[in-house]
Amino acid sequence: MKAIVVTDQAAGTSGMALTERPEPRAAGNDVVVEVHASGFTPGELEWPSTWVDRLGRDRTPSIPGHEVAGVVSALGYGTRGLSVGQRVFGLADWTRDGTLAQYVAIEARNLAPLPGDVDFTVGASLPVSALTAWQGLFVHGRFHAGQSVLVHGAAGGVGSMVTQLARQAGAYVIGTGRTPDRQAAMEFGAQEFADLGNDALEDVGGVDLVFDVIGGDIGKRSAGLVRAGGMLVTIAGPAETHPKDGLAVDFVVEARAQLTEVVQRVRDGRLRTNIGQVVTLDDAVSAFDPAERVKGKTIVRP
């Protein structure tokens, strides 16, 4: 099969290549998925899990990408709940070969049925962005209706999902980004917008929850905006500055049953995906390190 592989951590994207790899086999409780669409996170080449397994052993050459939508082509021993030929989508394990390939082996528990009226491209755009937003807000952020939420990167892949889910759950949403992001952030549901290039972040005032996807100086300054009893939730690594009278939590998204809830919201129109571009597997290397900023999620089609 065709697959994108990485072999040299120091080489970065210049060490990525499209090559031929053996088709994976389904171990116990696995399925093999024929990939119809896949997604990746640009920072994957900096993750230890891209290069070593759970025991710290080198696992290169490895295949990046962890979001997938496709059709089950084989079942491993003991696998239940899925069948050959079924449309599925989900999130591959971080320490196994990923989804930038024509086939991927994945634990059945990390997949959910993909309804026939949801395109594979849409399905592949959901797992990381939508689950990160859901878990950050409702699991780790303990959000409840009536709170105010500051969403960094509100026009981006994760931020747009946070904005929509928070607004629908009864939040007052303030989005952030750069000048060109204002309109998209407002269309996704932000009621105010703070331009990080021109506005003083501190002018936002106090909020109940900050959802940070940026980190660095923005993350440090955001801690000061959290009201007493509030929460700073970040996916940009451990918070360097904690709220004075609140909590800070960083987390890594997990594959969970929330996939079914997320795709139902897409079907009934409550949740819009944010797809920036769709490329072929042949162009996936250049898409991993684009010459220009891409707004939204990049999806790869074999």
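Source: prediction; values computed, not measured.

The rules behind these values
Residues numbered from 1 in each chain as written. Predicted model: local features only at pLDDT ≥ 70, side-chain atom pairs only at ≥ 80, totals over all residues. Heavy atoms only, no water. Helix = DSSP H or I, 4+ residues; strand = E, 2+ residues; numbered from the N terminus. Rg over C-alpha atoms; globule rule 2.2 N^0.38 Å. Buried < 20%, exposed > 50% of the residue type's maximum accessible area, 1.4 Å probe, protein only. Contact = heavy atoms within 4.5 Å. Areas by Shrake-Rupley, 256 points an atom, 1.4 Å probe, with all protein chains shown as cover. Lys, Arg positive; Asp, Glu negative; His and termini not counted. Charge placed at Lys NZ, Arg CZ, Asp CG, Glu CD. Salt bridge = Lys/Arg side-chain N within 4 Å of Asp/Glu carboxyl O. Axes fitted to C-alpha atoms, helices over the stretch in contact; angles between N-to-C directions. Parallel < 35°, antiparallel > 145°, perpendicular 65-115°, else oblique. Left-handed = near helix turned anticlockwise from the far one by under 90°. Nonpolar A, V, L, I, M, F, W, Y, C, P; charged D, E, K, R; others polar. Pairing = 2+ DSSP bridges. Arc of directions from axis to C-beta.

Asker: Any chance you could explain the overall build of the chain here in plain terms?
Answerer: Along the backbone of the chain there are 7 helices and 15 strands. At 19 Å, the chain has a C-alpha radius of gyration in line with the 19 Å of a compact globule built from 302 residues. Taking the principal axes of the C-alpha coordinates as reference, the chain spans close to 55 × 40 × 35 Å. Per-residue burial over the chain gives 51% buried out of 302 residues. By sequence separation, contacts in the chain at least 24 residues apart represent 64% of the contacts at least 6 residues apart. For the chain, the accessible area works out to roughly 13,200 Å², and carbon and sulfur atoms hold 48% of it. Averaging the positions of the 27 positive and the 35 negative side-chain charges in the chain gives two centres separated by 5 Å.

Asker: Any chance you could explain the pattern of salt bridges here in plain terms?
Answerer: Between side chains of opposite charge, pairing is possible as soon as their charged atoms come close. In this structure the tally under the stated criterion is 16 salt bridges. Among the ionic pairs, Arg265 bridges to Glu261, the shortest N-O distance being 2.9 Å. One end of the pair, Arg265, and the other, Glu261, are both in helix α6 (residues 258–267), 4 residues apart, so they sit about a helical turn from each other. For Glu261, the salt bridge goes to Arg270, with nearest N and O atoms at 4.0 Å. The class of Glu261 is partly exposed, set by a relative accessible area of 30%. Residue Arg270 is classed as partly exposed on the basis of its relative accessible area, which comes to 35%. By sharing partners, the salt bridges in this structure join Glu261, Arg265, Asp268 and Arg270 into a single network.

Asker: What exactly am I supposed to notice about the packing of helix α2 (residues 127–140) against helix α3 (residues 157–168) here?
Answerer: Helix-helix packing: each pair is described by the crossing angle between the helix axes and the interaxial distance. Where α2 meets α3, the axes come as close as 8 Å, and the angle between the chain directions of the two elements is 50°. Considering the angle they form, α2 stands oblique to α3. In this structure, the crossing between α2 and α3 has a hand that is right-handed. Between α2 and α3, the contacting residues are Ser129, Ala130, Thr132, Ala133, Trp134, Leu137 and Phe138 on the first element and Gly157, Val158, Met161, Val162, Leu165 and Ala166 on the second. The residue makeup of the contact of α2 with α3, split by class, is 10 nonpolar, 3 polar and no charged.

Asker: I tried to follow the sheet that holds strand β12 (residues 226–234) on my own but got confused; where do I start?
Answerer: To summarise the sheet geometry, strands pair through backbone hydrogen bonds and adopt either a parallel or an antiparallel arrangement. Taken in spatial order, the 6 strands line up as β10-β9-β8-β11-β12-β13 in an open sheet, and their pairing is parallel. A single partner strand is all that each edge strand has here, and the edge strands are β10 (192–195) and β13 (247–250). With direction set aside, neighbouring strand axes in the sheet form an average angle of 15°. Running at roughly 170° to strand β8 (residues 148–151), α3 makes contact with β8, β9 (172–177) and β11 (207–212) of the sheet. Across the face of the sheet, helix α5 (residues 216–223) comes into contact with β11 and β12 while running at roughly 160° to β12.

Asker: Would you explain α5 in this entry?
Answerer: Along an α-helix, residues three or four positions apart point the same way, because every turn accommodates 3.6 residues. For α5, the complete set of buried residues consists of Ile218, Gly219, Ser222 and Ala223. What you see down the axis of α5 is that its buried residues fit within an arc of 140°, all on one side. Against β11 and β12 lie the buried residues of α5.

Asker: Help me understand the packing of α2 against α6 in this model?
Answerer: One way to put it is that α2 packs onto α6 with a least axis distance of 10 Å and a crossing angle of 110°. Classified by the interaxial angle, the pair formed by α2 and α6 is roughly perpendicular. Together, Pro127, Ala130, Leu131, Trp134, Gln135 and Val139 of α2 and Gln258, Leu259, Glu261, Val262 and Arg265 of α6 make up the contact between the two elements. A breakdown of the residues in the contact of α2 with α6 according to their chemical character gives 7 nonpolar, 2 polar and 2 charged.

Asker: Would you take a moment to explain the environment of Met186 for this structure?
Answerer: Within the secondary structure, Met186 is located in helix α4 (residues 182–187). Separated by 11 residues in the primary sequence, Met186 and Gly175 place their C-alpha atoms 7.8 Å from one another. Contact partners of Met186, with chain neighbours within four places excluded, come to Gln191, Glu192 and Phe193.

Asker: Whenever I open this one, α2 confuses me. Can you help?
Answerer: Extensive coverage of α2 is indicated by the burial of 11 of its 14 residues. Every buried residue belonging to α2 is among Pro127, Val128, Ser129, Ala130, Leu131, Thr132, Ala133, Trp134, Gln135, Gly136 and Leu137, and all of these are buried.

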